[in-house]
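# Fold and geometry: a report
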There are 2 protein chains.
Amino acid sequence: MTAPEGRLDWGPLGDSLGFLLRLAQLEAFEAYFAAMEGAAPLPGSLSILLMVRGNPGIRQGVLARALRIKRAHMTKIVQSLEQAGLLRGSVPADDRRAIELHLTPAGLAEAERAWSAVHAHETAPPATLTAEEAAQLRHLLRRYLSLQEHGHEP
Amino acid sequence: MTAPEGRLDWGPLGDSLGFLLRLAQLEAFEAYFAAMEGAAPLPGSLSILLMVRGNPGIRQGVLARALRIKRAHMTKIVQSLEQAGLLRGSVPADDRRAIELHLTPAGLAEAERAWSAVHAHETAPPATLTAEEAAQLRHLLRRYLSLQEHGHEP
DNA sequence: TATTGTTATACTCTATAACTATA
DNA sequence: TATAGTTATAGAGTATAACAATA
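A brief look at the structure comes next. As the structure is a prediction and not an experimental result, all values here were calculated from the model.

### Quick look at the protein's contact with DNA strand C
The environment of DNA strand C is made up of 17 residues, and the closest members are A:Arg22, A:Gly61, A:Arg71, A:Thr75 and A:Arg97. Each atom of DNA strand C within 4 Å of the protein belongs either to a base or to sugar and phosphate, the latter forming 64%. One of the side-chain N or O atoms of B:His73 is found 3.4 Å from a phosphate oxygen in DNA strand C. Within the residue set of the surface near DNA strand C, elements represented by two or more residues are α3 (60-67) and α4 (71-83) of chain A together with α4 (71-83) of chain B. Of all the elements, α4(A) adds the most residues to the surface near DNA strand C, at 4 residues. For the surface near DNA strand C, the residue count by class is 4 nonpolar, 5 polar and 8 charged.

### Overview of the packing of aromatic side chains
Residue and element names in this part refer to chain A. Applying the stated rule across the entire model yields 6 aromatic pairs over all chains. For the ring pair Phe29 and Phe33, a centre distance of 6.5 Å and an interplane angle of 70 degrees mean the geometry is edge-to-face. With a gap of 4 residues between them, Phe29 and Phe33 both fall in helix α1 (residues 17-36), about one helical turn apart.

### Looking at α4(B)
Residues and elements named next belong to chain B. Helix length check: α4, at 13 residues, gives a terminal C-alpha distance of 18 Å against a target of 18 Å (1.5 Å per residue), a fit within 8%. Burial in α4 covers these residues: Met74, Ile77, Val78 and Leu81. An end-on view of α4 places all buried positions within 100 degrees of arc, on one side of the element. Within α4, the exposed residues directed more than 90 degrees away from the buried face are Ala72, Lys76 and Gln83.

### What about the relation of the copies chain A and chain B?
Mapping chain A onto chain B is achieved by rotating through 180 degrees and translating by 0.0 Å along the same axis, at an RMSD of 0.1 Å. Seen this way, the second copy is the image of the first under a two-fold rotation axis. In this assembly the copies share their binding face: 100% of the residues contributing to the interface of chain A also contribute to that of chain B.

### Quick word on the packing of α1(A) against helix α6 (residues 131-144) of chain B
Between α1(A) and α6(B), whose axes approach to 10 Å, the crossing angle comes to 40 degrees. Considering only the axes of α1(A) and α6(B), their crossing is left-handed. Contacts between α1(A) and α6(B) involve A:Leu17, A:Leu20, A:Leu21, A:Ala24, A:Glu27 and A:Ala28 from the former and B:Leu137, B:Arg138, B:Leu141, B:Arg142 and B:Tyr144 from the latter. When its residues are assigned to classes, the contact of α1(A) with α6(B) shows 8 nonpolar, no polar and 3 charged.

### Points about the protein's contact with DNA strand D
Close contacts around DNA strand D come from 17 residues, with B:Arg22, B:Gly61, B:Arg71, B:Thr75 and B:Arg97 the closest. Here, DNA strand D places atoms within 4 Å of the protein, and 62% of those atoms are sugar or phosphate. Between DNA strand D and the protein, one listed contact pairs a phosphate oxygen with a backbone N or O atom of A:Arg96 at 2.8 Å. One of the side-chain nitrogen or oxygen atoms of B:Arg97 is found 2.5 Å away from a base oxygen of DNA strand D. The set of elements that each furnish at least two residues to the surface near DNA strand D consists of α4 of chain A together with α3 (60-67) and α4 of chain B. Considering every element that reaches the surface near DNA strand D, the biggest residue donor is α4(B), with 4 residues.

### Re the pattern of salt bridges
The final tally for this structure, using the stated rule, is 20 salt bridges over all chains. The closest approach of N and O atoms between B:Arg68 and A:Glu30, which form a salt bridge, is 3.4 Å. Of this pair, B:Arg68 sits in the loop between α3 and α4 while A:Glu30 sits in helix α1, which puts the two residues in different chains. Taken together, the salt bridges that share partners define one network made up of A:Arg59, A:Asp94, A:Asp95, A:Arg97 and A:Glu100.

### What to know about the sheet that holds strand β1 (residues 58-59) of chain B
Residues and elements named next belong to chain B. Spatially, β1-β3-β2 is the arrangement adopted by the 3 strands of the open sheet, whose pairing is antiparallel. A single partner strand is all that each edge strand has here, and the edge strands are β1 and β2 (87-90). Note: β2 against strand β3 (residues 100-103), 4 bridges, orientation antiparallel. Note on β3: the bridge partner recorded for Gly89 is Leu101. Taken strand by strand, helix α2 (residues 43-54) contacts β1, β2 and β3, and its axis lies near 100 degrees from that of β3.

### Concerning the side chain of A:Thr104
All names here are of chain A. By the element assignment, Thr104 lies in the loop between β3 (100-103) and α5 (105-123). Polar side-chain contacts of Thr104 include one of 2.5 Å to the backbone oxygen of Gly85. Apart from residues no more than four positions distant in its own chain, Thr104 is found in contact with Gly85, Leu86, Leu87 and Arg88.

### Things to note about the side chain of B:Ser47
Inspection of the secondary structure puts B:Ser47 in helix α2. With relative accessibility at 6%, the residue B:Ser47 sits in the buried group.

Each value, and the rule that gives it
- Residues numbered from 1 in each chain as written.
- Chains lettered and ligands numbered in written order.
- Predicted model: local features only at pLDDT ≥ 70, side-chain atom pairs only at ≥ 80, totals over all residues.
- Heavy atoms only, no water.
- Near = heavy atom within 4 Å.
- Polar contact = N/O pair within 3.5 Å; in protein donor to acceptor, adjacent residues only side chain to side chain.
- Helix = DSSP H or I, 4+ residues; strand = E, 2+ residues; numbered from the N terminus.
- Nonpolar A, V, L, I, M, F, W, Y, C, P; charged D, E, K, R; others polar.
- Phe/Tyr/Trp six-rings, centres within 6.5 Å; stacked < 30°, edge-to-face > 60°.
- Expected span 1.5 Å × (residues − 1).
- Buried < 20%, exposed > 50% of the residue type's maximum accessible area, 1.4 Å probe, protein only.
- Arc of directions from axis to C-beta.
- Least-squares fit on C-alpha atoms with pLDDT ≥ 70 in both.
- Contact = heavy atoms within 4.5 Å.
- Axes fitted to C-alpha atoms, helices over the stretch in contact; angles between N-to-C directions.
- Left-handed = near helix turned anticlockwise from the far one by under 90°.
- Salt bridge = Lys/Arg side-chain N within 4 Å of Asp/Glu carboxyl O.
- Pairing = 2+ DSSP bridges.

Encoded structure:
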């Protein structure tokens, strides 16, 4: 009567894309923190630094929508990164409501340092997948998110 | 100088499995809530009801590990589901520390009702993927999570 | 009127540790 | 001594709405 560990019946959850994505994301974040051991910034901050590096002058609201962070929350994160001296915002002349974000030299150095620490972990295939499967998984996720065009490919 | 919306350079984030999973999960949950409009319970509660339905007598701690919910949090969720009359716990004779979970008749009815509401949404492929790609994405996620064996397959 | 960013509030989820009762 | 579950507390992330400045 009692379900044994390791041989669970996942039922319809095993076919639910949302559920699988939820578990996979938790797994990936656990692996990230285990591999980094404090050597890297929080995933959210790192993603902002990398996005501003790749898109200098990006507006706060555009960045918030891209990373699916609420504007109110983005304000706090940006402020903390500004206080840390990694980011600076400037008000464009053509729309004085907006804020355009740039990395400071320190922010650029931190983005490079953090990414080089994370790079090996992020590009190695997880233990449960072959390199080919991992590449295909990333490809399908980009298709799902309509992010086909990305950084370093022709 | 300013990055335009819609044509962002995702840089290394576009190759980061963890980042892609994070965005994909947010996308999937948004789609879930948009499709359900309050007609379904929260994803966390629904996953617990479905897991107890498929694995009657599963212990709380086993369920917590499977769903990657901390034991302390699982206690609260189970208590709320018990107060709602959907779940009951029993103490097995062979280990009086443990709690085995079962659905009440009301809980079974709620699991059936909620799943039938969610089913169409969860099994239809998302707009950005073909049915084949969606199936392959689910397959790769199960492989990534080592959940190959699941509910309704030989 | 609508939009950008800010502030304030509350709520959920999470993380941690101390506690009990059993094993 | 280790484990299952509980309690308490604090923190991070998130959601919401009201607000000021600008368009």
